[in-house]
Amino acid sequence: MSELKYCQGPDCHTYYTKDRLRGPKGNKTYQTRRRSHFYYLGGNACSTRCQDDWFQKYGTRAVDYFGRTTEAKHLTEENAWRKSWDWDSSYQNRFYVYRNSITNETRPLTEAQFNDSNYTINTGE
Ligand SMILES: [Zn+2]
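The model shown is predicted, which means the values in this text are computed figures rather than measured ones.

### Things to note about the overall build of the chain
Phase 1 of the analysis: A tally of regular secondary structure across the chain gives 2 helices and 7 strands.
Phase 2 of the analysis: Of the regular secondary structure in the chain, the N- to C-terminal order runs β-β-β-β-α-β-β-β-α.
Phase 3 of the analysis: Since a compact globule built from 125 residues should have a radius of gyration of about 14 Å, the 24 Å found for the chain marks it as more spread out than a globular shape.
Phase 4 of the analysis: Along the first, second and third principal axes, the C-alpha atoms of the chain reach 75 × 40 × 25 Å.
Phase 5 of the analysis: In the chain, which comprises 125 residues, the share counted as buried stands at 19%.
Phase 6 of the analysis: A fraction of 44% describes how many contacts in the chain between residues 6 or more apart in sequence connect residues 24 or more apart.
Phase 7 of the analysis: Surface accessibility of the chain: about 10,000 Å² in total, with carbon and sulfur atoms responsible for 48%.
Phase 8 of the analysis: Distance between charge centres in the chain, computed from 19 positive and 15 negative side chains, equals 17 Å.

Next up, the structure:
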């Protein structure tokens, strides 16, 4: 069994749900949810509400800590290739292409290249 961890939502314990109400009779409290796995906030929050609470409280500090974007990033022609596929004129066979989302140029692609998630003609960035 994997280790239990607490939801990181700062207000998780303030939401009135039966599963949060814990403890012996006469001494019950609403408690932060504890699970082996969470689906939100990268596996750290029990719900979108707790995820949003966390971001409202800590999001700006997190962005500043990890590095704020201060100028536009550019996706250039060299890196604007997207894998795509379409049907041939008989609608019998798929064909695969690289399509440049800036120039609209297409280049042929094999099915194996299409399915290979490491194959790219983009140069990075
Ligand atoms: Zn929570």
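### Re the coordination of the zinc ion
Phase 1 of the analysis: Ligation of the zinc ion by protein atoms is provided by Cys 7 (SG), Cys 12 (SG), Cys 46 (SG) and Cys 50 (SG), these donors lying 2.3 Å from the ion.
Phase 2 of the analysis: Look at where the donors of the zinc ion fall in the sequence and you get C-x4-C-x33-C-x3-C.

### Notes on unusual backbone geometry
Backbone phi values are negative for most residues with the exception of glycine, while trans is the configuration of most peptide bonds.
Phase 1 of the analysis: Positive phi values are uncommon outside glycine, yet Tyr 91 reaches one of about 60 degrees.
Phase 2 of the analysis: Within the secondary structure, Tyr 91 sits in the loop between strand 5 (81–87) and strand 6 (94–100).
Phase 3 of the analysis: Given a relative accessible area of 62%, Tyr 91 falls into the exposed group.
Phase 4 of the analysis: For Asn 104, which is not a glycine, the phi torsion comes out positive at approximately 70 degrees.
Phase 5 of the analysis: With respect to the helices and strands, Asn 104 occurs in the loop between strand 6 and strand 7 (106–109).

Conventions we followed
- Residues numbered from 1 in each chain as written.
- Predicted model: local features only at pLDDT ≥ 70, side-chain atom pairs only at ≥ 80, totals over all residues.
- Heavy atoms only, no water.
- Helix = DSSP H or I, 4+ residues; strand = E, 2+ residues; numbered from the N terminus.
- Rg over C-alpha atoms; globule rule 2.2 N^0.38 Å.
- Buried < 20%, exposed > 50% of the residue type's maximum accessible area, 1.4 Å probe, protein only.
- Contact = heavy atoms within 4.5 Å.
- Areas by Shrake-Rupley, 256 points an atom, 1.4 Å probe, with all protein chains shown as cover.
- Lys, Arg positive; Asp, Glu negative; His and termini not counted.
- Charge placed at Lys NZ, Arg CZ, Asp CG, Glu CD.
- Donors = N, O, S within 2.8 Å, 3.2 Å for Na, K, Ca; no water.

Don't take any of this as a statement about function, it's just geometry.
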